[in-house]
Every structure is written in structure tokens, then in C-alpha cells.
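# Close look at the chain arrangement
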Amino acid sequence: MRAEAIVGVLVAALFVSSALMTYGGPQGAPVLEVDGSDGAFHVTYSMPSSAHGYQATIVAVPVVKCRADDVYVLMSGQGGRSESAPANIQGLVDHLSAELRNIRSSSRVVLLDEADLGRYLASGNGTLVISSSIEEGMAGAVEAWVREGGVLVAIGPYGIPFNGQEGSLAISFLPFVFDGALEGTTAYDMGLRTVCPSYAPSTADIVASSGSLLGYASGDGASNTMGVVPLGLGRVLVMGGPIEPPFLASMEDVFAWDLARCLEAGVQWAAGPVVVEGLNVPSEGLEGSFAPSAPGMGVKVSIYSQDDAHALFSSVLVRA
């Protein structure tokens, strides 16, 4: 039944195998400098040397506004079909906390009980992860919170509680069939690891909602593993799901890796096309330049390694 997932595991295992190498010697840190105005930016960067070469990414996100939040992960649902089980939600909290620490983020990860959801929404803007069903009566409150500036990270078919309701987003989730196409995509250059969720948001629905596609496309192109959609003053970062086995394809380990870097890079605030370049860093390190453009906007530029041994990350925000 999960033949596609098995394929995903094999491809993902090859994709991240370099991450399992042990790199010896002291590690340096990335250097990232951004200059520019009026939407034209010049980026210079350097990545440190290592005992072996490694893959890295530089990404530029055009933004009108950008905010760093603590990440609240909602514990809800009973782990029914198409929703994340409580054990996997707890696993996401643990893995995401570790990933953010690894890249030296100042953001905390907090497990939020469903009984406290109303109090959290009333406290103001923030970033909230939902990956399973919630009490139906709270859907409108979640939508209002997003429209007022909140960031909703929606994982799987139950991630958007107000999905399809009158006046709200209408993003359908389709069975995701992975065809093994990785290289040459934005997601591949970003190093995204969630390659084979059971369901993924409709490509057409994300585009129709003025959203941007960021993930891996299904074999027929009908669905995509990640997209960001504006809603009022807030954003919905919609991802395929639910969080479930197997590892290296759709479990909490890959969701956490992707979320830590995407949230820290500010992709949830993307106000235009995200510019990404994959970097092949040789053992002696790498220096280079990058020239993204974001007319009338600011930009957040991030550079990071794609392997687990280095966990290198640096980011610069230039406001409009």
C-alpha cells in the first residue's frame, strides 16, 4: 500500500547518505554579507573548509515583513486516518527542538495542549503547527488569528482547521505519488528531506490562492509537498502529511529538519519567488557571490549546510 513510500525511502536514503559521513577536524562558520537597496542586492559568502566536501544551500526570500517566533506545536487529535498520531507530534517537538539548537536558532519549541489553544490564540501573533484534527468550534478562531498576522504551519489534511469553509482557503489534499525526481528542483537545492508524505496539497489550489510552491512535485504534478499561502496579514505554510513512518520520507525527523531551516530562512514570509542555489563546497571551503532581486521589497538571505555533521547556518535580513 505504501509502495510509493518505499521508493521514497530508497531515494531519500541516497539523498541524505552524505549526511551520515563523519567530518573530522575543527569546523568554522559561514560568513554572509548582504548589501543593496531598491530591490537589488549583492551577497557575498564563504563556507568553511572541512576534511571532506559537502553540500550547502544559499536561499534568498523576498519579504515585505519578516518575524522570528517561538514555535508552538499543537497536541490534538487521536491519530486517526490521515492525521498525525500524538506520539509523532511529540516526536516532532523533540526533533525540531534539536534541529533549531543545532543551527543556533533563538526560537524555542513549545508543546501546546488543545485545551490551551484559545488562550494561545488570544495572546497575539506567533507560529503554530497543526497536524491533526481539532475541535470544530475552534476553526474560526484559528482562521481569524492567521488573518491578523499569525503563521500556521499546516501538516497534512487536518492541518488547516478552516479549510474549505466559506470565505476561507480551499486547498485539497491528494494522495502523493513520488516518482523519484529530485535534482533540478527548488526543493532539492534547498535540501528538503520530506519526500514522500501520504497526502500533499493540490498544486493548482496553492497557485489559485496566490501561493508559492516550494516542495517536491508528485509524478503527475497535481500535488506538491510544500507551499506558502498568504491569508490576510498572516501566512499558511502548508505541507504534505501526516507525520508517519517511514523514516527518511515522512517521519518527524525529516519534517523537523525541513521546518527548522525553512522557518529560520523566513520562507513563510515569502512575498515573491524564492531564489535558491545549491552549492558544492570542496574540502578547502568555498567563497562566492549571489545577486538576488526583490523589487520594492526587502530580502532575507540564508546559507546553510545540508549535512547533519556540520549543522552550519547563517542568515541576514535586509528590510525594504
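From a predicted model like this one, the values you see are computed outputs, not experimental measurements.

Once that is clear, we can look at the overall build of the protein. The secondary structure content of the protein amounts to 7 helices and 16 strands. Relative to the globule expectation of 20 Å for 320 residues, the C-alpha radius of gyration of the protein, 19 Å, shows essentially globular dimensions. Reported as C-alpha extents along the three principal axes, the dimensions of the protein are approximately 55 × 45 × 35 Å. A buried classification covers 55% of the 320 residues belonging to the protein. The long-range fraction of contacts in the protein, counting pairs at least 24 apart against all pairs at least 6 apart in sequence, stands at 71%. By element, 52% of the accessible surface of the protein is carried by carbon and sulfur atoms, the whole surface being about 12800 Å². Each charge sign in the protein was given a centre, from 14 positive and 32 negative side chains, and these centres are 6 Å apart.

Going through the model one piece at a time under the given rule, you end up with 6 salt bridges. With a shortest N-O distance of 2.7 Å, Asp116 and Arg119 are connected by a salt bridge.

What follows is about the sheet that holds strand β7 (residues 151-155). Strand order across the open sheet formed by 7 strands is β5-β4-β6-β7-β12-β11-β10, with mixed pairing between neighbours. Single-partner strands in this sheet number two, and they are β5 (109-113) and β10 (212-213). In the sheet, β7 pairs with strand β12 (residues 234-239) via 5 bridges, with the strands oriented parallel. Pairing of Val151 across the sheet is with Arg235, part of β12. Here helix α2 (residues 86-102) sits on the sheet in contact with β4 (71-75), β5, β6 (127-130) and β7, set at roughly 165 degrees to β4.

This brings us to the side chain of Asp69. Within the element layout of this structure, Asp69 appears in the loop between β3 (54-63) and β4. By relative accessible area, Asp69 is classed as buried at 14%. Of note is the side chain of Asp69, whose polar atom sits 2.8 Å from the side chain of Arg67. Filtering out sequence-adjacent residues up to four positions away, Asp69 remains in contact with Ser107, Gly126 and Thr127.

With that out of the way, let us pick up helix α4 (residues 139-147). Each full turn of the α-helix corresponds to 3.6 residues, which orients residues three or four apart in the same direction. Where α4 is concerned, the buried positions are Ala139, Val142, Glu143, Trp145 and Val146. Taken around the axis of α4, the buried residues stretch over an arc of 160 degrees, which confines them to a single face. Along its buried surface, α4 packs onto α3 (117-122), β6, β7, β11 (226-231) and β12. Positive phi shows up at Gly149, right after α4, with a value of about 125 degrees.

Residues with a pLDDT of 70 or more make up 91% of the protein, whose mean pLDDT is 90. Counted against residues more than four places away or in other chains, residues 1-25, with its pLDDT under 50, gives 53 contacts.

What follows deals with the sheet that holds strand β16 (residues 313-318). What the 4 strands build is an open sheet, ordered β13-β3-β15-β16; its pairing is antiparallel. Of all strands in the sheet, those bounded by a partner on one side alone are β13 (275-281) and β16. Between one strand axis and the next, the sheet turns through 10 degrees on average, direction left out of account. Each of β3, β15 (298-305) and β16 is contacted by helix α7 (residues 252-265), which is oriented at about 145 degrees to β15, the strand it contacts most.

According to the stated counting rule, one finds 1 cavity of 30 Å³ or more in the structure shown. In this structure, the largest cavity encloses a volume near 40 Å³. Here the lining of the largest cavity is built from residues that sort into 4 nonpolar, 3 polar and 1 charged.

What follows concerns the environment of Glu252. Mapped onto the elements of the fold, Glu252 is located in helix α7. Classification of Glu252 as buried rests on a relative accessible area of 8%. Remark: the alpha-carbon pair of Glu252 and Gly241, spanning 11 residues in sequence, is separated by 10 Å.

Scanning the model with the defined rule gives 4 aromatic pairs in all. Note on Trp257 and Tyr304: the rings are 6.3 Å apart at their centroids and 70 degrees apart in plane angle, and the pair reads as edge-to-face. A residue pair is termed long-range when its members are at least 10 positions apart, and Trp257 in helix α7 and Tyr304 in strand β15 qualify at 47 residues. By relative accessible area, which is 1% here, Tyr304 ends up buried. When the centroid spacing of 5.7 Å and the interplanar angle of 10 degrees are considered together, the rings of Tyr304 and Phe313 count as stacked. Like Tyr304, the residue Phe313 is buried in the burial classification. Cluster of aromatic residues (ring-pair linked, three or more members): Tyr72, Tyr120 and Trp145.

Parameters at a glance
Residues numbered from 1 in each chain as written. Predicted model: local features only at pLDDT ≥ 70, side-chain atom pairs only at ≥ 80, totals over all residues. Heavy atoms only, no water. Helix = DSSP H or I, 4+ residues; strand = E, 2+ residues; numbered from the N terminus. Rg over C-alpha atoms; globule rule 2.2 N^0.38 Å. Buried < 20%, exposed > 50% of the residue type's maximum accessible area, 1.4 Å probe, protein only. Contact = heavy atoms within 4.5 Å. Areas by Shrake-Rupley, 256 points an atom, 1.4 Å probe, with all protein chains shown as cover. Lys, Arg positive; Asp, Glu negative; His and termini not counted. Charge placed at Lys NZ, Arg CZ, Asp CG, Glu CD. Salt bridge = Lys/Arg side-chain N within 4 Å of Asp/Glu carboxyl O. Pairing = 2+ DSSP bridges. Axes fitted to C-alpha atoms, helices over the stretch in contact; angles between N-to-C directions. Polar contact = N/O pair within 3.5 Å; in protein donor to acceptor, adjacent residues only side chain to side chain. Arc of directions from axis to C-beta. pLDDT = per-residue confidence, 0-100. 1 Å grid on protein atoms, 1.4 Å probe; cavity = no way out; pocket = protein on both sides within 12 Å on 5 of 7 lines; lining within 4 Å. Points joined across faces, edges and corners; volume = space filled by probe spheres on them. Nonpolar A, V, L, I, M, F, W, Y, C, P; charged D, E, K, R; others polar. Phe/Tyr/Trp six-rings, centres within 6.5 Å; stacked < 30°, edge-to-face > 60°.

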